[in-house]
Amino acid sequence: MPTQTARQKISCRPPPLTPLEQEIARRIHKALPAYCRKTKRTKHTKDQITKAAEELLKPYTKKPAVRTDLIQNTLINHIFGWGKLEPLRLDTDIEDISCTGWEHPVYIYHRKHRDCETDIRFESETELDTFVTLFAQRAGKQISNANPIIDASLEDGSRIQLTYGRTVSPNGSGFTIRKFKNTPYSVIDLIKNRTFTIDEMVYLWFAIEYNRSILIIGETASGKTTTLNALTQFIPELAKIVTIEDTRELMLDRGNWQASVVPPENGKNTITLFDLVTAAMRQRPEYLIVGEVRGKETAAMFQAINTGHTSLSTFHAGNLQSAVNRLESPPLSISKAMIDSLDIVIVQKRTAKNGTPVRRCSAILEVCGGRNHEVFTYRKETDDAETKKSILENEIREESGLSREAFAAEKNRRRHLLKQLLDAEISGFRAVTEALNP
């Protein structure tokens with residue numbers, strides 16, 4: 001685990017190779033393809049290449065100044081991992097990795113230590129250019145001075161933004177990697193982190209179960225997608241779900257789930273997010289989930305809501321008024337009547353508590369007859385939410401056919417279940433999903 005100093009600088013870099021070890025690594029890397037071809041396989045696994053590197057390094061094992069194990073690890077990290085960023089890839093508490101030029105260190109956002117400077121650096125402009133080019137190729141794209149900006153995703157789902165050379169940045173090449181979390185946050189994780197209260201989660205549980213459409217808004221890194229993914233745990237177990245994303249982020253624990261991701265551009269028949277949303281409507285989904293709306297797919301999603309599809313999505317905006325202004329203005333130009341087809345808007349923010357950045361649900365609003373009614377409001381002084389009377393809850397109670405007493409009892413049952421899971425520290429995504437859908 002990285003070590004931290006008071007200056008928020010952490011040590012992540014493995015021992016560097018000596019000039020002699022670098023030369024040996026270069027030779028082994030050059031010799032590996034020919035050595036592996038002797039096996040007459042068209043493809044080789046990581047274990048096979050690791051063993052091949054081990055064999056090629058045997059002549060150097062007797063040299064006391066050569067650390068063959070370090071050379072081997074460096075080679076494998078370069079071929080299969082993230083090279084010198086491999087320690088950062090393996091740390092599950094790191095969310096964001098960035099570099100703004102070869103003369104600058106690599107920076108990270110760590111869940112525990114927040115913004116930190118690492119001791120990882122690129123030794124030359126050429127090394128960083130090569131690194132950026134390699135990552136673009138791994139994402140199935142090409143980057144160059146003629147095409148210097150790339151947005152893509154890696155095989156593990158991590159999102160990358162790459163810039164190449166000095167065409168768009170005086171500092172030269174750079175990158176930002178938003179790591180994909182293999183084990184997504186559950187609704188219990190969000191309660192434990194105080195992003196949401198138990199009462200807010202019970203409210204959203206009813207809303208999703210009874211097919212209310214929800215838009216989650218917030219600024220960058222406010223946790224919109226994390227919340228979206230967690231709320232899918234409230235979808236009834238057998239309901240048909242279609243998810244649509246431009247880069248893979250959502251991870252659901254459902255069998256009746258059709259996942260769609262915008263493919264890389266091929267220069268011919270380019271498929272867009274709009275195409276996928278339009279196609280999804282023909283699949284008769286009970287729940288249509290769009291990772292983020294920002295282009296003409298926004299109109300398609302609102303059309304889906306107007307035709308009876310339950311939709312969950314995220315939208316980049318600091319507050320509800322800002323979101324409405326963006327939706328109504330060109331190029332989106334969504335009519336007010338279409339916007340009013342939404343049922344609930346969740347507002348998320350990054351704020352600070354005792355000097356530490358935290359993510360909080362700032363407000364939950366109901367869109368009722370053209371009026372926005374705030375049901376939950378975050379109070380910073382208490383780090384809790386103030387609750388007001390819900391209009392939609394009465395509608396849901398009537399739909400459920402339950403009396404006021406029976407509905408209140410069901411609310412208490414769900415509240416108690418979430419509290420039990422929280423107290424028992426059961427927060428794994430699958431375990432929570434199973435508990436919510438016995």
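Below is a short write-up of the structure. The structure displayed is predicted, hence computed values, not measured ones. (Residues numbered from 1 in each chain as written. Predicted model: local features only at pLDDT ≥ 70, side-chain atom pairs only at ≥ 80, totals over all residues. Heavy atoms only, no water.)

### Notes on the packing of helix 13 (residues 392–400) against helix 14 (residues 404–423)
Item 1. Direction vectors running N to C along helix 13 and helix 14 enclose 110°, while the axes themselves pass 10 Å from each other. In terms of orientation, helix 13 lies roughly perpendicular with respect to helix 14. Contacts between helix 13 and helix 14 involve Glu393, Asn394, Ile396, Arg397 and Ser400 from the first element and Arg404, Phe407 and Lys411 from the second.
Item 2. A per-class count over the contact of helix 13 with helix 14 returns two nonpolar, two polar and four charged. (Axes fitted to C-alpha atoms, helices over the stretch in contact; angles between N-to-C directions. Helix = DSSP H or I, 4+ residues; strand = E, 2+ residues; numbered from the N terminus. Parallel < 35°, antiparallel > 145°, perpendicular 65-115°, else oblique. Contact = heavy atoms within 4.5 Å. Nonpolar A, V, L, I, M, F, W, Y, C, P; charged D, E, K, R; others polar.)

### Digging into the packing of aromatic side chains
Item 1. Considering all chains together, one arrives at eight aromatic pairs under this definition.
Item 2. With 5.2 Å between their ring centres and 45° between their planes, Phe131 and Phe175 make a pair best called tilted. Of this pair, Phe131 sits in helix 5 (residues 125–138) while Phe175 is found in strand 8 (residues 174–178), placing the two residues 44 residues apart along the sequence.
Item 3. Positioned over the ring face of Phe122 is Lys84, at 5.1 Å from the centre of the ring.
Item 4. The aromatic ring of Phe206 is capped on one face by Arg414, whose charged end is 4.0 Å from the ring centroid. (Phe/Tyr/Trp six-rings, centres within 6.5 Å; stacked < 30°, edge-to-face > 60°. Lys NZ or Arg CZ within 6 Å of the ring centre and 35° of its normal.)

### A word on the nonpolar core
Item 1. Ranked by size, the top nonpolar core spans 44 residues in total, and within it Val187, Met201, Leu204, Ile346, Ile364 and Leu418 carry the most contacts.
Item 2. The biggest single contributor to this core is helix 7 (residues 198–209), with nine residues.
Item 3. Here Leu204 is in contact with Phe196, Ile214, Leu231, Phe234, Ile346 and Ile364, once residues within four sequence places are set aside.
Item 4. Leu288, Phe302, Val324 and Val367 belong to the second largest nonpolar core, which has 33 residues in total. (Core = buried A, V, L, I, M, F, W, Y, C linked by side-chain atoms within 4.5 Å. Buried < 20%, exposed > 50% of the residue type's maximum accessible area, 1.4 Å probe, protein only.)

### Quick look at the packing of helix 1 (residues 19–37) against helix 2 (residues 46–57)
Item 1. For the pair helix 1 and helix 2, the least separation of the axes is 10 Å and the interaxial angle reads 120°. One way to sum up the angle between helix 1 and helix 2 is to call them oblique. Pair helix 1 / helix 2 crosses with right-handed handedness. Counting all contacts with helix 1, which are made through Ile24, Ile28, Ala31, Leu32, Tyr35 and Cys36, the residues of helix 2 involved are Ile49, Ala52, Ala53, Glu55, Leu56 and Leu57.
Item 2. The class makeup of the residues in the contact of helix 1 with helix 2 is eleven nonpolar, no polar and one charged. (Left-handed = near helix turned anticlockwise from the far one by under 90°.)

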